[in-house]
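What the coordinates show
One letter stands for each residue in the lines below.
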Amino acid sequence: MNIAANLLLLAFSGSGKTGGPLDVNPGLILWTVVTFIFLLLILKKVAWKPILNSLSERESFIKDSLDKAETARKETEKLIAENKFNLSKAEDEAQKIIEQSRELAEKLKVNILEESKLQSKKMIEDAKSEIERKNQEAFNKLKDHVADIAIKAAEKILREDLDEQKQIKLVNKYLNELSKN
Amino acid sequence: MWIYNPNTVTDTVKTAVETDSKQDTGWIMHHVLDARELDFTPFGVIHLPEIHLFGMDISITKHVVFMWIAMAILIFTFSRVARAYRKSLVPKGVTNFAELLIVFVRDEIARPTIGKGFEKFLPYLLTIFFFILTCNFLGLIPFGSTATGNISVTATLATISFVVIQIGGIWKNGFFGYFRGLLPHGIPFWLIPIMFVVELLGLFTKPFALAIRLFANMTAGHIVILALIGLIFILRTYVVVPVSISFALFIFLLEILVALIQAYIFTMLSSLFIGMAVHQEH
């Protein structure tokens, strides 16, 4: 009994004329509810919605920008790779062309050489045949000439008074003349 | 062995009550408790109007006024912040600071504790956070008063949290689903009635703890500061002045920390309980 009385006394000792810290004031509760609900509604409309929207808008903007930058970077990388590939391809092509032209030149050179050799051979051949022909001609001329001379000599011999000594001398003389020719 | 002596206790309490009325040591309580006037002592006292409605005393008291001041500050500040965002998405000045706290509440409190669907509760959590924060800080300025150091205010805020938690749970899980979800899975059927009562009690202890924690934290600091100052007058010597003042200053700095921490804890726990009510699986 005593304990209960003491507890009661303790509980209400503070709430004298000024009121204790644990006193509940219904008016204050009402005002708190009203104030808080009012504040919640006003701030929700005036502040939280626009602010949170702006924040998420900005976040998505930043995210988009980063994504865009990333895609641009990837695109650039792809382009660079493509460029590199193209460049190496062009280089290969150029190399190939040079190689081809070199080959062509080589072939051309060989051809020309061959041709010129052939030509020179032919020219030599021609020259040879020409010489042969000229030789033949000269020989023929000589033959004619010799015949002519022989005829002339015979004629001379026939015209002269022939004695044996004179004949031998004559023949020798003509022969000498012939060999001199 | 300590023997309980009822007479000693009775005597002590009686003496305390008597000296209280005789010596008027209620000046500490005068600073902490609610009042019907705004006390700007060297400059005068403003008496607040008394209103009675349907037999209920709904007078405007000191704490109501300070809640309204907090409300005015918040509406002013955040409407400006919202307007600043309309101009440019890049924050500066007050907007930057407000954004820091808003993003903190969103990313550190609401998102991890509630998870999916946290956006629905964000306006409530932001409002309760900034309201408690502002009320706490209003108690730290000269002539200010801590509305959150009043059990009526904290109990009401906790009750609103309670309502939000229950509405969140019921909205997500359905009325019967929510109350069925309160019971843990896989308990023996004969435990169900007991567990249901325990869990139901648990629902009410959460906001009760919220209310008491906020009230006690905000009141205790003020009482300690006033008691340290009061030491000078009780001991009637100047020697304790440096000690009292430095200790009071230390407690005051601590109170700045506590004002922030309590606003955070109230919001954090409300958010946690909402998360637990919404996602009952774990």
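Residues numbered from 1 in each chain as written. Chains lettered and ligands numbered in written order. Predicted model: local features only at pLDDT ≥ 70, side-chain atom pairs only at ≥ 80, totals over all residues. Heavy atoms only, no water.

Overview of the overall build of chain B
Which entries qualify depends on this criterion: Runs of E in the DSSP output that reach at least two residues are strands. Runs of H or I that reach at least four are helices, and both are numbered from the N terminus. Using a 1.4 Å probe on the protein chains alone, a residue whose accessible area is under 20% of its type maximum counts as buried, one over 50% counts as exposed, and one in between counts as partly exposed. Contacts were defined at the residue level, with two residues in contact if any of their heavy atoms lie within 4.5 Å. Residue exposure ignores everything except the shown protein chains as possible cover, and the areas themselves are Shrake-Rupley values with a 1.4 Å probe.
In terms of regular secondary structure, chain B is built from nine helices and four strands. Its helices and strands taken in sequence order, chain B reads α-α-β-β-β-β-α-α-α-α-α-α-α from the N to the C terminus. Burial statistics for chain B: of 282 residues in total, 43% are counted as buried. Nonlocal contacts in chain B, meaning residues at least 24 apart in sequence, comprise 69% of its contacts between residues at least 6 apart. Surface accessibility of chain B: about 15600 Å² in total, with carbon and sulfur atoms responsible for 72%.

Quick word on a positive patch on the surface
The criterion, for reference: Patch membership is restricted to residues that have no salt bridge and whose relative accessible area is over 30%. Joining uses 9 Å for like charges and 5 Å for the nonpolar side chains Val, Leu, Ile, Met, Phe, Trp and Tyr. In the sections that follow, a salt bridge refers to a side-chain nitrogen of Lys or Arg positioned within 4 Å of a carboxyl oxygen of Asp or Glu. Residues scored as positive are Lys and Arg, those scored as negative are Asp and Glu, and His as well as the terminal groups of each chain are ignored. By convention, charge coordinates are those of NZ in Lys, CZ in Arg, CG in Asp, or CD in Glu.
On the surface, R80, R83, R86, K87 and K92 of chain B cluster together into a positively charged patch. One can find R86 of chain B in helix α3 (residues 62–87).

Remarks on the pairing of strand β2 (residues 44–47) of chain B
Residue and element names in this part refer to chain B. Put simply, the rule reads: Two strands are counted as paired when DSSP detects at least two bridges linking them.
Inspection of the sheet shows strand β1 (residues 37–40) paired to β2 by four bridges, in the antiparallel sense. Its bridge partner being in β2, D39 is matched across the sheet by V45. Counting the residues in the hairpin turn of β1 and β2 gives three residues.

Details of the interface of chain B and chain A
Our working rule: Here the quantity called buried area is the total loss of accessible area, with a 1.4 Å probe, experienced by two parts when brought into contact, counted for both. Residue polarity follows a fixed list, in which Ala, Val, Leu, Ile, Met, Phe, Trp, Tyr, Cys and Pro are nonpolar, Asp, Glu, Lys and Arg are charged, and the others, Gly among them, are polar.
With 49 residues of chain B at the contact, the number on the chain A side is 41 residues. Both sides of the chain B and chain A interface together cover about 4100 Å² of buried area, and 78% of this is carbon and sulfur. As a salt-bridge pair, R106 of chain B and E59 of chain A come within 2.7 Å of each other at their nearest N and O atoms. Elements with a minimum of two residues in the side of chain B that touches chain A: α1 (6–23), β4 (56–57), α3, α4 (94–114), α5 (122–138) and α6 (151–173) of chain B. Residue contributions to the side of chain B that touches chain A peak at twelve residues, all from α3 of chain B. Here the side of chain B that touches chain A is composed, by residue class, of 36 nonpolar, nine polar and four charged.

Description of the confidence of the model for chain B
This is how the line gets drawn: For every residue, the pLDDT score states the predictor's confidence, bounded by 0 at the bottom and 100 at the top.
With 91% of its residues at a pLDDT of 70 or more, chain B shows a mean pLDDT of 82. Mean pLDDT across the elements of chain B bottoms out in α1 of chain B (63) and peaks in α5 of chain B (91).

Considering the packing of aromatic side chains
Here is the rule we go by: When the centres of two rings from Phe, Tyr and Trp lie within 6.5 Å, Trp using its six-membered ring, the rings pair. Their planes under 30 degrees apart give stacked, over 60 give edge-to-face, and anything left gives tilted.
Applying the stated criterion to the full structure yields ten aromatic pairs over all chains. On the basis of an interplanar angle of 75 degrees and a centroid distance of 6.1 Å, the ring pair of F121 of chain B and W171 of chain B is categorised as edge-to-face. Of the two residues, F121 of chain B sits in the loop between α4 and α5 while W171 of chain B sits in helix α6, which places them 50 residues apart along the sequence. Each residue in the set W48 of chain A together with F78, F129 and F130 of chain B is aromatic and connected to the rest through ring pairs, giving one cluster.

Points about the confidence of the model for chain A
Detailed reading of the predicted coordinates is not advisable wherever pLDDT is low. All names here are of chain A. Per-residue confidence for chain A averages 83 on the pLDDT scale, and 87% of its residues sit at or above 70. When pLDDT is averaged over each element of chain A, helix α2 (residues 26–159) comes out on top at 89 and helix α1 (residues 2–13) at the bottom at 54. Counting contacts from residues 13–17, a segment whose pLDDT is below 50, to residues more than four positions away or on other chains yields six contacts.

Considerations on a nonpolar patch on the surface
Taken together, the side chains of F139, L142, V146, V171, L175 and L178 of chain A make up a nonpolar region of the molecular surface, amounting to roughly 500 Å² of accessible area. Those elements that place two or more of their residues in the nonpolar patch are α2 and α3 (164–180) of chain A.

Quick word on the side chain of T146 of chain B
Residues and elements named next belong to chain B. Within the secondary structure, T146 is located in the loop between α5 and α6. For T146, a relative accessible area of 6% gives the class buried. Filtering out sequence-adjacent residues up to four positions away, T146 remains in contact with H63, C135, N136, G139, M218 and H222.

Observations concerning unusual backbone geometry
Residues and elements named next belong to chain B. Phi is positive for F143, which is not a glycine, with a value near 65 degrees. Among the secondary structure elements, F143 is positioned in the loop between α5 and α6. Even without being a glycine, R236 presents a positive backbone phi close to 50 degrees. For R236, the position within the fold is in the loop between α8 (192–235) and α9 (240–278).

Some remarks on the side chain of E255 of chain B
Residue and element names in this part refer to chain B. Stated formally: In the analysis that follows, any N or O atom pair within 3.5 Å is treated as a polar contact, provided that within protein one partner can donate a hydrogen and the other can accept it, and provided that, for residues neighboring in sequence, both atoms belong to side chains.
With respect to the element layout, E255 can be found in helix α9. The buried charged residue E255 lacks any salt bridge partner; its closest oppositely charged side chain belongs to K62, at an N-O distance of 14 Å. Reaching out from E255, the side chain makes a polar contact with the side chain of H222 at a distance of 3.3 Å.

Regarding the environment of I51 of chain A
Among the secondary structure elements, I51 of chain A is positioned in helix α2. Ignoring sequence-local partners within four residues, the contact set of I51 of chain A consists of F78, V81, A82, Y85 and I102 of chain B.

Let's talk about the pattern of salt bridges
All told, the structure shown has ten salt bridges over all chains when counted by the stated rule. One salt bridge connects R133 of chain A with E137 of chain A, and the closest N-O pair in it is separated by 3.7 Å. On the criterion of helical spacing, the pair formed by R133 of chain A and E137 of chain A is a turn pair, its members being four residues apart in helix α2. Under the relative-accessibility criterion, R133 of chain A is labelled partly exposed at 45%. A cluster of three or more residues bridged by salt bridges with shared partners is formed by E59 of chain A together with R106, D107 and R111 of chain B.

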